[in-house]
Amino acid sequence: MGKITPVLMAGGSGTRLWPVSRKSFPKQFTPLLDNGSLFQASVQRLSGPDYSGLTVMTNADFRFIVAEQLEQIGVNSATVMIEPVSRNTAPAILAATLAVVDRDPEGLVIVAPSDHVIPDAEAFTRAVREGARLAREGRIVVFGIPPDRPETGYGYLELAETGDGPQPLQRFVEKPAPEQAEQMCADGRHLWNAGIFLFRAKDMIEAFRIHAPEYLVPVQAALDHGQTDLGFLRLASAPWEGLPDQSIDYAVMEKARNLSVLRLGCHWADLGGWDAVWREDLRHTPDENGVVADSNSTAIDCRNLLLRSDGDIQVVGIGLNDMMVVATSDAVLVAGMDRAQEVRRAVGALSAGNRKQATAFPRDHRPWGWFETLALADRFQVKRIVVKPGASLSLQRHMHRSEHWIVVSGTARVTIDDIRTLVTENQSIYVPLGAAHRLENPGKLPVILVEVQTGSYLCEDDITRYADLYARDNPA
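Not measured: the values here are computed from a predicted model.

Before going further, it helps to spend a moment on the overall build of the protein. The number of helices and strands found in the protein is 11 helices and 30 strands. Rg of the C-alpha trace for the protein: 24 Å, near the compact-globule value of 23 Å for 476 residues, within the 12% margin. Taking the principal axes of the C-alpha coordinates as reference, the protein spans close to 75 × 60 × 40 Å. In the protein, which comprises 476 residues, the proportion classed as buried is 50%. Put simply, 68% of the contacts in the protein that link residues at least 6 apart link residues at least 24 apart. About 21700 Å² of surface is accessible on the protein, with carbon and sulfur atoms providing 49% of the total. In the protein, 48 positive and 60 negative side-chain charges are present, and the distance between their average locations comes to 3 Å.

What follows is the structure in structure tokens.
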């Protein structure tokens, strides 16, 4: 039997887990529960003898984050497809499927989100093997989770019949009101929709031909005219931009008649809100008062509380009940546990006020490493910059600022106009306004430096870029 091609969806923004998850670095790439990210755990779960040819669907902003996190876990052969613009899951899944059907029309594809928690990889793979048997018979398999509470943050699958084996799907149910969720949780005919699908490539193509034919030609064109860029496959933008913005559920699944539902008989969680993170943490470190507090937090006389600080801020809660308090270095969320699904309203309110905390972190990730602002005033800015081994900033110049670089760890190779210099720990170098300059890390350890900028304009778009290892067309 042929192996299964995994397709991981990794382009979401995760606004309900603000302030730890933001548009610039969303939840799938964040170590929410342990040292690895949800994305990395998903990749590892879909590795092994049953799988081959991993495809990751993402966008240009996340491409280097994806590449770095794949490298960290030793995955070097994945196909990373870059969507020109977000058009929901229907065209993304179709593009990955068309790439598979071109190689093997009988090939099996499993599509999964990259931000779910499934600790028992062996039990998951057993369910996938059962689903593969159905998929080879022409069924499109949808995985469902037996509900253990009347969750209003998930979509549901209504079964045509009851029973433990594969069942025909009656219909998809959108996120329900509390009363409806109570009824569905109790009737035995509803499962949570895990958003995981398994199918033969040719069957999914046929489903699009019947139910959403408007996607086929432009998505194929985007694939055919896509370009390889630093190991990524950039789908062509012209045919992609005119596509309808629809989920795979709405475009195809709700209309297809060859769907089968399989129960996923192992623990599963969609970390779609801080209440879900709280429940998952309680599973690992049960507390008789329902308190989850990390090493930077202290809870005193509290019950049913999530207390979390991602940074150096010490957070203390006294007498708090049914609350979630999440702090980062530049934002703090305080809300009732029953309002977890409304956290995205905070992002909307901050965006309306043009607050940078709505979408961006103080730490800004780049393909060469990262930087964060330590101090900012009218005419100066101080940054900490970390450059990975072998990495290089672009050859660039600034028209409105000069820079001082002080190396505090490692050795940097610095080019200023025609002069190249090695700058080691405790040494500094000055970059005059308007000078063409570049910083490289030729060593095997990260270079850490403090940058002091002075000038009349200090924003990141004051860059004229002449050469760049990462083929970036704008400040990034």
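So, about the UniProt feature "domain: MannoseP isomerase/GMP-like beta-helix" (unreviewed entry) in the protein. Per the UniProt record, the feature "domain: MannoseP isomerase/GMP-like beta-helix" (unreviewed entry) sits at residues 297-350. Along residues 297-350, the helical share is 15% and the strand share 50%, with 25 Å between the first and last C-alpha atoms.

Attention now goes to a nonpolar patch on the surface. Where nonpolar side chains cluster on the molecular surface, the patch consists of I300, V316 and I318 and spans about 280 Å² of accessible area. Turning to its location among the elements, I318 is positioned in strand β17 (residues 315-318).

Sheet strands associate in pairs through backbone hydrogen bonding, adopting either a parallel or an antiparallel arrangement. The six strands lie next to each other as β20-β21-β22-β29-β24-β27, forming an open sheet whose pairing is antiparallel. Among the strands making up the open sheet, the edge pair consists of β20 (363-366) and β27 (428-431). Recorded for the sheet is a direction-independent mean angle of 20 degrees between the axes of neighbouring strands. Bridge count between strand β24 (residues 401-409) and β27: four bridges; the pairing is antiparallel. By the bridge assignment, I406 is partnered in β27 with S428.

Next up on the list: the sheet that holds strand β18 (residues 321-327). The strand order across the open sheet formed by four strands is β14-β16-β18-β19, and the pairing between neighbours is mixed. In this open sheet, the two edge strands, each paired with only one partner strand, are β14 (291-293) and β19 (332-336). Along the sheet, successive strands turn relative to each other by an average axial angle of 10 degrees, direction set aside. Packing against the sheet, helix α10 (residues 274-284) makes contact with β14, β16 (303-309), β18 and β19, and its axis sits at approximately 100 degrees to β16.

One ladder, built from six bridges, connects β16 with β18; its direction is parallel. Considered in β18, the bridge of R308 is made with V326. Where β18 and β19 come together, five bridges link them in antiparallel fashion. Along β19, the bridge assignment pairs M323 with G336. Here β18 folds back onto β19 in antiparallel fashion, the turn holding four residues.

The feature "domain: Nucleotidyl transferase" (unreviewed entry), as given by UniProt, occupies residues 6-280 in the numbering adopted here. In this annotation, residues 6-280 is assigned 35% helix and 23% strand; the end-to-end C-alpha distance for the span is 25 Å.

Structurally, the position occupied by A41 is in helix α1 (residues 38-45). A relative accessible area of 33% means that A41 is categorised as partly exposed. Expressed as a C-alpha distance, the spacing of A41 and R366, which sit 325 residues apart in the sequence, is 22 Å.

A few words on the pattern of salt bridges. It is possible for side chains of opposite charge to pair when their charged atoms get near one another. Under the definition given, this model contains 27 salt bridges. One salt bridge connects R279 with E151, and the closest N-O pair in it is separated by 3.5 Å. Linking R279 in helix α10 with E151 in the loop between β6 (140-145) and β7 (156-159), this pair joins segments that are 128 residues apart in sequence. A relative accessible area of 8% places E151 in the buried class. Across the pair R345 and E342 runs a salt bridge whose closest N-O atoms are separated by 2.7 Å. Exposure remark for R345: the relative accessible area of 57% places this residue in the exposed category. With a relative accessible area of 27%, E342 lands in the partly exposed category.

Glancing now at the environment of S394. Mapped onto the secondary structure, S394 falls in the loop between β22 (380-387) and β23 (395-397). The class for S394 is buried, based on a relative accessible area of 1%. C-alpha separation for the pair S394 and E440, spaced 46 residues apart in sequence, amounts to 8.9 Å. Discounting residues that sit within four places of it in the chain, S394 has contacts with H437, R438, R465, A467, D468 and R472.

Definitions and limits used
- Residues numbered from 1 in each chain as written.
- Predicted model: local features only at pLDDT ≥ 70, side-chain atom pairs only at ≥ 80, totals over all residues.
- Heavy atoms only, no water.
- Helix = DSSP H or I, 4+ residues; strand = E, 2+ residues; numbered from the N terminus.
- Rg over C-alpha atoms; globule rule 2.2 N^0.38 Å.
- Buried < 20%, exposed > 50% of the residue type's maximum accessible area, 1.4 Å probe, protein only.
- Contact = heavy atoms within 4.5 Å.
- Areas by Shrake-Rupley, 256 points an atom, 1.4 Å probe, with all protein chains shown as cover.
- Lys, Arg positive; Asp, Glu negative; His and termini not counted.
- Charge placed at Lys NZ, Arg CZ, Asp CG, Glu CD.
- UniProt positions renumbered as here; feature names shortened; annotations may be inferred.
- Patch = residues over 30% accessible without salt bridge, like charges linked within 9 Å, V, L, I, M, F, W, Y side chains within 5 Å.
- Salt bridge = Lys/Arg side-chain N within 4 Å of Asp/Glu carboxyl O.
- Pairing = 2+ DSSP bridges.
- Axes fitted to C-alpha atoms, helices over the stretch in contact; angles between N-to-C directions.

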